[in-house]
Amino acid sequence: MSDDTIADAGPAIVQRGLYYDELEVGARYLHRPGRTATEADNVLFSSLTMNTQALHLDAAFSATQPFGERLMNSMWTLATMVGASVSQITQGTLVAQLGLSDISFPAPLLHGDTLYTETEVVDKRLSASRPGQGIVTLRHTGRNQRGETVAVATRVALMWRTPAGSEATA
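**Student:** Outline the overall build of the protein chain, listing residues and values.
**Tutor:** Helix and strand content of the protein chain: four helices and five strands. Listed by position from the N terminus, the elements making up the protein chain come as β-α-α-α-α-β-β-β-β. With respect to the three principal axes, the spread of C-alpha positions in the protein chain is 60 × 45 × 30 Å. Expressed as a percentage of contacts within the protein chain between residues at least 6 apart in sequence, the contacts between residues at least 24 apart total 69%. Accessible surface, the protein chain as shown: approximately 9600 Å² in total, 54% of it carbon and sulfur. Mean positive and mean negative side-chain charge positions of the protein chain (13 and 17 charges, respectively) differ by 6 Å.

Written out as structure tokens, the structure reads:
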């Protein structure tokens, strides 16, 4: 029995992202489920990345600061936002991430908040130097459970085009 077929069943369908040709400028993808941010996420991520910022780790200090409590590490928020988009957009169809820009955190994400991410395709063009590939600009937006925008980032990705002979739409 091959990986593509299960006994007495049809062909297996492998989950993947979208090829360059399948992405449309203006399309907006809502990534679900959301991800509830925990204290453990914050402490582990901050520790793993050697970020000793007291606003993430020191509850007594953070209580004396403008937000009155510890804030989620903004790099956790950014990484989780990009990660939430992978299965729907780039899983198996990404060649490389080329850059991140225009990153902002207009409101804090706190322990117990749920991060919901959406991605808009804002631009795309074929690669001039890499046949079979295209460059896509994506805008990721993260909102908490109250709909407040907590993070925005523009991401440029090098994507595969639809393989020749594929059933994916071109």
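Text resumes after the structure shown.
**Student:** Run through the environment of Pro11, naming residues and quoting values.
**Tutor:** Along the chain, the position of Pro11 falls in the segment before strand E1 (28-36). Judged by its relative accessible area of 71%, Pro11 is exposed. It is 26 Å that separates the C-alpha atoms of Pro11 and Gly132, two residues lying 121 residues apart in sequence.

**Student:** Describe in detail the nonpolar core, supporting the description with residues and values.
**Tutor:** Of all hydrophobic cores here, the largest spans 12 residues; its members are Ala37, Met72, Trp76, Leu78, Met81, Val82, Ala107, Leu109, Leu115, Val150, Ala151 and Ala153. For this core, the elements supplying multiple residues, two or more each, are helix H4 (74-90) and strand E5 (149-160). A total of four residues in this core trace back to one element, the largest contributor, which is H4. Discounting residues that sit within four places of it in the chain, Val82 has contacts with Gln97, His140 and Arg155. If you look at the next biggest cluster of nonpolar residues, it comprises 10 residues, including Leu18, Tyr20, Leu138 and Ala157.

**Student:** Could you give me a rundown of the sheet that holds strand E3 (residues 114-126), with the residues and numbers involved?
**Tutor:** Judged by pairing direction, the sheet is antiparallel, and its five strands sit side by side in the order E1-E3-E4-E5-E2 without closing on themselves. Looking at strand neighbours, the two that pair on one side only are E1 and strand E2 (94-104), the edges of this open sheet. On average, adjacent strands in this sheet sit at an angle of 25° to one another, irrespective of strand direction. Bridging between strand E4 (residues 133-143) and E5 involves 11 bridges; their strand directions are antiparallel. Note that in E5 the partner of Ile135 across the bridge is Leu158. Contacting E1, E2, E3, E4 and E5, H4 runs over the sheet at an angle of about 45° to E5.

**Student:** Can you explain H4? Please cite residues and give values.
**Tutor:** Its 17 residues give H4 an end-to-end C-alpha distance of 22 Å, which sits within 8% of 24 Å, the value for a rise of 1.5 Å per residue. By the burial criterion, the buried members of H4 are Trp76, Thr77, Leu78, Thr80, Met81, Val82, Ser85, Ile89 and Thr90. Capping of H4 at its N-terminal end is provided by Asn73; its side-chain oxygen lies 2.8 Å from the backbone amide nitrogen of Met75. One or two positions beyond H4, positive phi appears at Gly92, with a value near 80°.

**Student:** Which residues make up a nonpolar patch on the surface, and what are the values?
**Tutor:** Together, Met75, Leu100, Ile103 and Phe105 make up an exposed nonpolar region whose accessible area comes to about 310 Å². Positionally, Phe105 belongs in the loop between E2 and E3.

**Student:** Which residues make up helix H1 (residues 39-48), and what values do they have?
**Tutor:** Each full turn of the α-helix corresponds to 3.6 residues, which orients residues three or four apart in the same direction. For H1, the set of buried residues is Asp41, Asn42 and Ser46. The buried residues of H1 all sit within an arc of 115° when viewed along its axis, so they share a single face. In H1, the exposed positions angled more than 90 degrees off the buried face are occupied by Ala40, Leu44 and Leu48. Along its buried surface, H1 packs onto E1, helix H2 (54-57) and H4. Of the residues trailing H1, Met50 is marked for its positive phi of about 60°.

Rules and cut-offs
One numbering rule holds for all chains: residues counted from 1, following each sequence as written. Under the rules for a predicted model, residues below a pLDDT of 70 receive no local features and side-chain atom pairs below 80 are neither given nor counted, while totals for whole chains, interfaces and linings still include all residues. Think of the side-chain values as coming from all heavy atoms in the structure, minus any hydrogens and water. Secondary structure counts use DSSP, requiring at least four H or I residues in a row for a helix and at least two E residues in a row for a strand, with both numbered from the N terminus. Should any heavy atoms of two residues lie within 4.5 Å, those residues are considered in contact. The protein chains shown are the only cover counted for residues, whose accessible areas, like all others here, come from Shrake-Rupley with a 1.4 Å probe. By the counting scheme adopted, Arg and Lys are positive, Glu and Asp are negative, and His together with the chain ends is not counted. By convention, the point assigned to a charge is CZ for Arg, NZ for Lys, CD for Glu and CG for Asp. Buried residues are those whose accessible area, probed at 1.4 Å on protein chains only, stays under 20% of the maximum for their type, while exposed residues exceed 50% and partly exposed ones sit between those limits. To form a nonpolar core, buried Ala, Val, Leu, Ile, Met, Phe, Trp, Tyr and Cys residues must be joined to one another through side-chain atoms within 4.5 Å. Pairing between two strands is assigned when DSSP locates at least 2 bridges connecting them. A fitted line through C-alpha atoms represents every axis, and for helices the fit uses only the stretch in contact; the resulting angles, taken between N-to-C directions, go from 0 to 180 degrees. For a helix, the expected span equals 1.5 Å multiplied by the residue count minus one. Between N or O atoms, a polar contact is any pair within 3.5 Å; within protein, one atom must be a potential hydrogen donor and the other a potential acceptor, and residues adjacent in sequence are included only when both atoms are from side chains. For patches, a residue must show more than 30% relative accessible area and have no salt bridge; joins then use 9 Å for like charges and 5 Å for nonpolar side chains, namely Val, Leu, Ile, Met, Phe, Trp and Tyr. A side-chain nitrogen of Lys or Arg and a carboxyl oxygen of Asp or Glu constitute a salt bridge if their distance falls within 4 Å. As used here, the arc belongs to the directions running from the helix axis to the C-beta atoms.

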